[in-house]
Amino acid sequence: MQTLLLASGDHASNDTGSLILLVLFALVLYGAACAIWPFRSCRTCGGSGRFRSPSGRAWRYCRRCNGTGAKLRLGRRILTYLANTRDRGTRGHRD
Ligand SMILES: [Zn+2]
């Protein structure tokens, strides 16, 4: 039995095909990650959303992220874009 299994896995495998599969798999994982964790921390303020004055008593909101400290990830923006185009396709009929 075991020799049969080993022999069946011994074909000359298509390297390009497996590479594409691997990339697709990584993309699916990235898409799932962007669906679950849509935000990354803002680079300007490091995710804190505000800047402290040198005195340490005053602070202001980060203008880049409007004080949220979060930026939408690129993958999430692509997902939203895809969802919007799909919506337009199914609900495109208007009177
Ligand atoms: Zn920020």
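Fair warning: this is a prediction, and the values are worked out from it, not measured in the lab.

A. Local environment of the overall build of the chain. Helices and strands together make up the secondary structure of the chain, namely 3 helices and 4 strands. For the chain, the N- to C-terminal ordering of α and β elements is α-α-β-β-β-β-α. Across the 95 residues in the chain, those meeting the buried criterion constitute 2%. Within the chain, contacts between residues separated by at least 24 positions form 43% of all contacts whose residues are at least 6 apart in sequence.

B. Quick look at unusual backbone geometry. Of note in the backbone geometry, Asn-66 takes a positive phi value of approximately 60 degrees without being a glycine. Taking the C-beta count within 10 Å as the criterion, Asn-66 has 11 such neighbours and is therefore assigned exposed.

C. Quick peek at helix α2 (residues 15–36). Compared with an ideal rise of 1.5 Å per residue, which puts 22 residues at 32 Å, α2 spans 32 Å between its outermost C-alpha atoms and is within 8% of the ideal. The element α2 is largely exposed, with a buried count of 1 among its 22 residues.

D. A look at the environment of Trp-59. For Trp-59, the position within the fold is in strand β3 (residues 59–61). Ignoring any residue separated from it by four or fewer positions in sequence, one finds Trp-59 in contact with Arg-50, Phe-51, Arg-52 and Ser-53.

E. A look at the confidence of the model for the chain. Chain-level pLDDT for the chain is 85 on average; 79% of the residues reach the 70-or-more range. Between the elements of the chain, mean pLDDT differs from a low of 54, seen in helix α1 (residues 2–8), to a high of 96, seen in strand β1 (residues 39–41).

What counts, and where the lines are drawn
Every chain's residues receive numbers from 1 upward, in the order its sequence appears when written. Local features are withheld for residues below a pLDDT of 70 in this predicted model, meaning they are given only at 70 or higher, and side-chain atom pairs are given and counted only at 80 or more; totals for whole chains, interfaces and linings count all residues. Segments assigned H or I by DSSP are reported as helices when at least four residues long, segments assigned E as strands when at least two residues long, and all are numbered from the N terminus. Comment: burial labels come from other C-beta atoms within 10 Å of the residue's own C-beta, placed from the backbone, where a count of 20 or more is buried, 12 or fewer is exposed, and between is partly exposed. Two residues qualify as being in contact provided that their C-beta atoms, derived from the backbone, are within 7 Å of each other. By this rule the span expected of a helix is its residue count minus one, scaled by 1.5 Å. pLDDT: the predictor's confidence for each residue, scored from 0 to 100.

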